[in-house]
Amino acid sequence: ANAVMFSTRYAVQNSCMGLYRRYDHLAQDGKGAWFGAVTNDGPVVGLSTARLDSSGACRVDGFALTSHMETWPQLIEAAITWGRGGGALVTQAVVGVEDEERRALFDGLGFAGVGPGDPFDIGGREVKSEILQRSEL
């Protein structure tokens, strides 16, 4: 959600050439960061993002290739740690209500639902979302 990209469950990602621009934009003002997981021989197998907001929260998100899901918790923890360093008191993630797998991943890291989020507009289709939160105090 931080990079305004959504699951390929809803929309095809036709190109990777424009992805760097989205991640770079996220970090340009100092209120966001992104992290990557790479294999020993160089390919990127996952990315995570962190974005501080005006309420004192840090919103995190991320993905990893199915073949490298062991990197996902490390990627999210890197984003959480960055947010704490930026003064965030809580960490949030916004998850589509239909994405049970993503929800389970965040649940496994201590996140819990705190209410509805703004819906995602994915190719003209509105998908409801939920805000998950983890206290960092």
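Residues numbered from 1 in each chain as written. Predicted model: local features only at pLDDT ≥ 70, side-chain atom pairs only at ≥ 80, totals over all residues. Heavy atoms only, no water.

Asks: Give a description of the side chain of Asp61 that names residues and reports values.
Replies: Within the secondary structure layout, Asp61 lies in strand 3 (residues 57–64). In this structure the side chain of Asp61 is engaged in a polar contact, spanning 3.3 Å, whose partner is the side chain of Arg102. (Helix = DSSP H or I, 4+ residues; strand = E, 2+ residues; numbered from the N terminus. Polar contact = N/O pair within 3.5 Å; in protein donor to acceptor, adjacent residues only side chain to side chain.)

Asks: Which residues make up the nonpolar core, and what values go with them?
Replies: Residues Cys58, Val60, Trp72, Ile76, Phe106 and Phe111 are the most contacted members of the largest nonpolar core, which totals 16 residues. The set of elements that each furnish at least two residues to this core consists of strand 2 (44–52), strand 3, helix 2 (72–85) and strand 4 (90–96). With four residues, the single largest contributor to this core is helix 2. Each residue touching Phe111, except ones within four places of it in the same chain, is listed here: Val60, Ile80, Thr91, Gln92, Ala93, Phe106, Leu132, Gln133 and Arg134. (Core = buried A, V, L, I, M, F, W, Y, C linked by side-chain atoms within 4.5 Å. Buried < 20%, exposed > 50% of the residue type's maximum accessible area, 1.4 Å probe, protein only. Contact = heavy atoms within 4.5 Å.)

Asks: Describe the environment of Leu105, with residues and values.
Replies: Residue position: Leu105 is located in helix 3 (residues 100–107). The exposure class assigned to Leu105 is partly exposed, which follows from its relative accessible area of 30%. The spacing of Leu105 and Pro73 is 32 residues in sequence and 8.1 Å in space, taken between C-alpha atoms. The contacts of Leu105, once residues within four sequence positions are left out, are Met69 and Trp72.

Asks: Describe the pairing of strand 6 (residues 125–135), naming the residues involved and giving the relevant values.
Replies: Here seven bridges tie strand 4 to strand 6, and the two strands are oriented antiparallel to one another. In the sheet register, Gly96 faces strand 6, and the bridge partner there is Ser129. Count of turn residues in the strand 5 (residues 112–122)/strand 6 antiparallel hairpin: two residues, of which Gly123 carries a positive phi of about 60°. (Pairing = 2+ DSSP bridges.)

Asks: Can you lay out the environment of Asp41 for me, pointing to particular residues and giving the numbers?
Replies: Turning to its location among the elements, Asp41 is positioned in the loop between strand 1 (32–38) and strand 2. Using a relative accessible area of 67% as the deciding quantity, one classes Asp41 as exposed.

Asks: Go over the sheet that holds strand 6, please, and point to the residues and values.
Replies: Reading across the sheet, the six strands line up as 1-2-3-4-6-5 and stay open at both edges, with mixed pairing between neighbours. Edge positions in the sheet fall to strand 1 and strand 5, since each has one partner strand and no second. When the angles between neighbouring strand axes are averaged without regard to direction, this sheet yields 25°. In this sheet, strand 6 lies alongside strand 5 in antiparallel orientation, the contact comprising eight bridges. (Axes fitted to C-alpha atoms, helices over the stretch in contact; angles between N-to-C directions.)

Asks: Please provide a residue-by-residue account of the pairing of strand 1, values included.
Replies: The pairing of strand 1 with strand 2 spans seven bridges and is classified as antiparallel. Bridge pairing in strand 2 places Trp34 opposite Thr49. Taken together, strand 1 and the strand that follows it, strand 2, pair antiparallel across an intervening segment of five residues, in which Gly42 is found at a positive phi of about 110°.

Asks: Please set out the confidence of the model for the protein chain residue by residue, giving values where relevant.
Replies: Of the residues in the protein chain, 85% have a pLDDT of 70 or more, and the chain-wide mean is 86. Helix 1 (residues 19–27) is the least confidently modelled element of the protein chain, averaging 79 in pLDDT, while helix 2 averages 96, the highest of any element. Here residues 3–7 is a poorly scored stretch, pLDDT under 50, and it has eleven contacts once near neighbours within four places are set aside; other chains count. (pLDDT = per-residue confidence, 0-100.)

Asks: How would you explain the pattern of salt bridges if you had to name every residue and give the values?
Replies: Two side chains bearing opposite charge may form a pair once their charged atoms approach each other closely. On inspection of all chains with the given rule, the structure shows six salt bridges. Put simply, Arg51 and Asp29 hold a salt bridge, and the shortest N to O gap is 2.8 Å. Of this pair, Arg51 sits in strand 2 while Asp29 sits in the loop between helix 1 and strand 1; the two residues are 22 residues apart in sequence, bridging distant segments of the chain. Connected via shared salt-bridge partners are Arg103, Asp107 and Glu130. (Salt bridge = Lys/Arg side-chain N within 4 Å of Asp/Glu carboxyl O.)

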